[in-house]
Amino acid sequence: MSKKKGLSAEEKRARMMEIFFETKDVFQLKDMEKIAPKEKGITAMSVKEVLQSLVDDGMVDCERIGTSNYYWAFPSKALHARKRKLEVLESQLSEGNQKHENLQKSIEKAKIGRHETEERTMLAKELSSLRDQREQLKAEVEKYKECDPQVVEEIRQANKAAKEAANRWTEKVCQPPKYQKLTACGLDLTYKLLLETR
């Protein structure tokens, strides 16, 4: 005995629309939760979700009156909505066809005077070789970028700044004021002793 397969979302939507079209009535959510499982086999748990998806897509109308929401959908509205959609799609199709025709005419117009000749073939080959040569030259220039005078000058400036910073740091550490121990330079003598030994 095989398990019964549940309804897909589209089947649930179609069956719920049948309820509205057959009855041509207005319902509250609680009414739909009673009717849909009995008549169309839609589980009561999914009625609210299916109904909301139909409202979101504009297939079912919803109006809040007081504290209750009322839902309805009439076949005539669905027919008009389909007609409007069909008209929009037909106009898009005709625009697309017109665009296609214009492009075909442009292509035919562009082909005039562009027949394959020996000169054209030779020029195309020359253009291709010049493009290849340009790419090779770009790669070679990239290789020698390190020798660019501007790059070299930037490196020199960075080295100069680093040297000055190192000199400032060593001057502060290795030349302490009078009577201070020179432990930072690895010496354990005072500045006074150093002066006396000279």
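Since the structure is predicted, the reported quantities are computational estimates derived from the model, not experimental observations.

> Mind showing me how you'd approach the packing of aromatic side chains here?
When we look at a pair of aromatic rings, we describe it by the centre distance and by the angle of the planes. Inspection of the entire model under this criterion finds 1 aromatic pair. Between Phe 20 and Phe 27, the ring centres sit 5.7 Å apart and the planes meet at 65 degrees, which makes this aromatic pair edge-to-face.

> What is the right way to read the pattern of salt bridges from this model?
Between side chains of opposite charge, a pair can form as their charged atoms come close. Following the criterion strictly, the structure yields 5 salt bridges and no others. Residues Glu 10 and Arg 13 are paired through a salt bridge, measuring 3.6 Å at the closest nitrogen-oxygen approach. Here Arg 13 and Glu 10 lie together in helix H1 (residues 9-23), a separation of 3 residues that amounts to about one turn. Using a relative accessible area of 56% as the deciding quantity, one classes Glu 10 as exposed. The buried category is assigned to Arg 13, whose relative accessible area is 13%. Residue Arg 13 pairs with Asp 57 through a salt bridge whose shortest N-O separation is 2.6 Å. Of this pair, Arg 13 sits in helix H1 while Asp 57 sits in the loop between helix H3 (44-56) and strand E2 (61-65), and the two are 44 residues apart along the sequence. Exposure remark for Asp 57: the relative accessible area of 48% places this residue in the partly exposed category. Salt bridges linked by common partners bring Glu 10, Arg 13 and Asp 57 together as one network.

> How do you make sense of the packing of H1 against helix H2 (residues 29-40) when you look at a structure like this?
The geometry of H1 relative to H2 is characterised by a closest axis approach of 10 Å and an angle of 105 degrees between their N-to-C directions. The angle between H1 and H2 falls in the class roughly perpendicular. On H2, the residues that touch Arg 15, Met 16, Glu 18, Ile 19, Phe 20 and Glu 22 of H1 are Met 32, Ile 35, Ala 36 and Lys 40.

> Just to check I follow, could you spell out the sheet that holds strand E3 (residues 68-72) for this structure?
Backbone hydrogen bonds are what pair the strands of a sheet, in a parallel or an antiparallel way. Across the sheet, 3 strands lie side by side as E1-E3-E2; this open sheet has antiparallel pairing. Unpaired on one side and paired on the other, strand E1 (27-28) and E2 mark the two borders of the sheet. Here E1 pairs with E3 via 2 bridges, running antiparallel. The residue of E3 that forms the bridge with Phe 27 is Tyr 71.

What counts and what doesn't
- Residues numbered from 1 in each chain as written.
- Predicted model: local features only at pLDDT ≥ 70, side-chain atom pairs only at ≥ 80, totals over all residues.
- Heavy atoms only, no water.
- Phe/Tyr/Trp six-rings, centres within 6.5 Å; stacked < 30°, edge-to-face > 60°.
- Salt bridge = Lys/Arg side-chain N within 4 Å of Asp/Glu carboxyl O.
- Helix = DSSP H or I, 4+ residues; strand = E, 2+ residues; numbered from the N terminus.
- Buried < 20%, exposed > 50% of the residue type's maximum accessible area, 1.4 Å probe, protein only.
- Axes fitted to C-alpha atoms, helices over the stretch in contact; angles between N-to-C directions.
- Parallel < 35°, antiparallel > 145°, perpendicular 65-115°, else oblique.
- Contact = heavy atoms within 4.5 Å.
- Pairing = 2+ DSSP bridges.

By themselves, these are just geometric observations and shouldn't be taken as functional.
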